[in-house]
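What follows is each chain in one-letter form.
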Amino acid sequence: MRNLVIMPAMAQNRERMNLGEYAEEATIIVDEPVRPAKHFIEANTQEVTLQHLKHECITPVFSKDNELTINHAAFVETIQDAAQSFFSGEKVEQADIRVSHIIKGRIPEAIHKPANQLLESDKTIYYERAAFSIDVPTIYETVGGNKLNLSIVGVRAYNQMNLYSKKVPELFRLAIGFKNQVCCNMCIFTNGYKDDLRVSNTSELYRAALELFNNYNPAKHLYLMQQLGNTSMSEHQFAQIIGRMRLYQCLPTGYQKALPRMLLTDTQINSVAKAYIHDNNFGGFGNELNMWKFYNLLTGANKSSYIDSFLDRSLNATEMATGINAALHGDERYKWFID
């Protein structure tokens, strides 16, 4: 495997042609269609800015002692600072923030107003769930013909905490991995994911982020993804796997526990099947499908997950792809899915 390519930000500005002398002769022939923005997660989320989170959203508290939580804005800023510190000298982009499940309230002066008479200044809001992605585009590699940028993803869901208690260490999820620039699918690897990060303040959160970045092995992660492109499955095998994945959801609990976990929903499995036929980048209808494309069918379907389950399913997509890849070479653990 070749080394990661680290490109200084200034290199992108070199050798640009000076076309000023031709400007008057330039003619626009056709208007390019506006392409919809690609996001690392879709589902029921909406895009917001850091400024919106900081200045237009209230901060929830632990109701028993009125202690503040670490709000979404502080979470984003802390991880952004940690990324810029750890990847000093690289280009670290600003966070792409997605939120869902808005919690509405009112200021005291508006308690008795009818809902249809409320002014914007009368309302309070915060979001139950938030996720963000911070790209480091100067650290990248090409896998299966797709450019992957290093990316850091954070997830926060207040619904997974008891805000009716006294203040306790708060739950966060944080991952570092690679984002496929063709489709913005997130590729998450085991040693790049903290699924139970509990801290009491932003200083502890900052240190935990640095520890995660330091422990992550991008070369190993890239090697595993590159190996997926070396194995292919037939259409019959793909159909068998999709059928087994559908069957998995209906198995008795004891039987299911004896198998490797599979977290995708029926709807997402249907999305994998549809993408196999229609996806221009990763589909394989009528042909063999390599495991790199299969992996991206899984991660693409996962973009419909709610924020609070997104990273767990991202990791599970990696487990499924690498496990089935091993099963195609004779490994027993995921053999049930291909039999």
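The structure presented is a predicted model; accordingly, all values stated were derived computationally and were not measured.

Asks: Any chance you could break down helix H5 (residues 235–248) for me, citing the residues and the numbers?
Replies: For H5, spanning 14 residues, the distance from its first C-alpha to its last is 20 Å, which sits close to the expected 20 Å at 1.5 Å a residue. Restricting attention to buried positions, one finds in H5 the residues Phe-238, Ile-241, Ile-242, Arg-244, Met-245 and Tyr-248. The buried residues of H5 occupy one face: seen down the axis, they fall within an arc of 165°. The secondary structure elements touched by the buried residues of H5 are strand S11 (232–233), helix H6 (253–257), helix H7 (266–278), strand S12 (289–290), helix H8 (291–302) and helix H9 (307–327).

Asks: Explain the packing of H8 against H9 to me, and be specific about the residues and the numbers.
Replies: A pair of packed helices can be characterised by two numbers: the angle between their axes and the separation between those axes. The interhelical angle for the contact between H8 and H9, taken along N-to-C directions, is 160°, at an axis separation of 9 Å. Taken together, the axis directions place H8 and H9 in an arrangement best described as roughly antiparallel. Remark: the crossing between H8 and H9 carries right-handed chirality. Contact residues: Met-291, Phe-294, Tyr-295, Leu-298, Thr-299 and Asn-302 in H8; Phe-310, Arg-313, Ser-314, Ala-317, Thr-318, Met-320, Ala-321, Ile-324 and Asn-325 in H9.

Asks: How would you sum up the side chain of Asp-135? Please name residues and give values.
Replies: Position of Asp-135 relative to the elements: it lies in strand S6 (residues 123–143). The class for Asp-135 is buried, based on a relative accessible area of 9%. A polar contact of 3.4 Å, which involves the side chain of Asp-135, links it to the side chain of Ser-133. The contact partners of Asp-135, leaving out residues within four places of it in the chain, are Lys-91, Val-92, Glu-93, Leu-150, Ser-151, Lys-179 and Gln-181.

Asks: Got a sec to walk through the state of the cysteines? Specific residues and values, please.
Replies: Per the counting criterion, the structure on display carries zero disulfides. Here Cys-184 is not cross-linked by a disulfide; its sulfur's nearest cysteine counterpart is in Cys-183, at 7.0 Å.

Asks: Outline the packing of aromatic side chains, listing residues and values.
Replies: This model, assessed by the stated rule, comprises 14 aromatic pairs. Seen in terms of ring centroids, Phe-238 and Phe-294 are 6.3 Å apart; in terms of plane orientation they differ by 85°. Their pairing is edge-to-face. A residue pair is termed long-range when its members are at least 10 positions apart, and Phe-238 in helix H5 and Phe-294 in helix H8 qualify at 56 residues. For the pair Phe-238 and Phe-294, a shared accessibility class is recorded, and that class is buried. When the ring of Tyr-276 is compared with that of Phe-285, the centres are 6.5 Å apart and the planes differ by 80°; the resulting orientation is edge-to-face. Overall, Tyr-276 belongs to the buried group, its relative accessible area being 4%. Stacked on the ring of Tyr-140, the Lys or Arg Lys-147 has its end atom at 4.6 Å from the ring centre.

Asks: Provide a residue-level description of unusual backbone geometry, including the pertinent values.
Replies: Note on backbone geometry: most residues besides glycine have negative phi, and most peptide bonds are trans. Despite not being glycine, Asn-66 has its phi angle at roughly 60°, a positive value. Within the secondary structure layout, Asn-66 lies in the loop between strand S3 (61–62) and strand S4 (67–68). A positive phi angle, near 60°, is found at His-101, a position not held by glycine. Along the chain, the position of His-101 falls in strand S5 (residues 96–106). In this structure His-101 comes out as partly exposed when scored by relative accessible area, which is 27%.

About the thresholds
Residues numbered from 1 in each chain as written. Predicted model: local features only at pLDDT ≥ 70, side-chain atom pairs only at ≥ 80, totals over all residues. Heavy atoms only, no water. Helix = DSSP H or I, 4+ residues; strand = E, 2+ residues; numbered from the N terminus. Expected span 1.5 Å × (residues − 1). Buried < 20%, exposed > 50% of the residue type's maximum accessible area, 1.4 Å probe, protein only. Arc of directions from axis to C-beta. Contact = heavy atoms within 4.5 Å. Axes fitted to C-alpha atoms, helices over the stretch in contact; angles between N-to-C directions. Parallel < 35°, antiparallel > 145°, perpendicular 65-115°, else oblique. Left-handed = near helix turned anticlockwise from the far one by under 90°. Polar contact = N/O pair within 3.5 Å; in protein donor to acceptor, adjacent residues only side chain to side chain. Disulfide = S-S within 2.5 Å. Phe/Tyr/Trp six-rings, centres within 6.5 Å; stacked < 30°, edge-to-face > 60°. Lys NZ or Arg CZ within 6 Å of the ring centre and 35° of its normal.

By themselves, these figures tell us nothing about what the structure is for.
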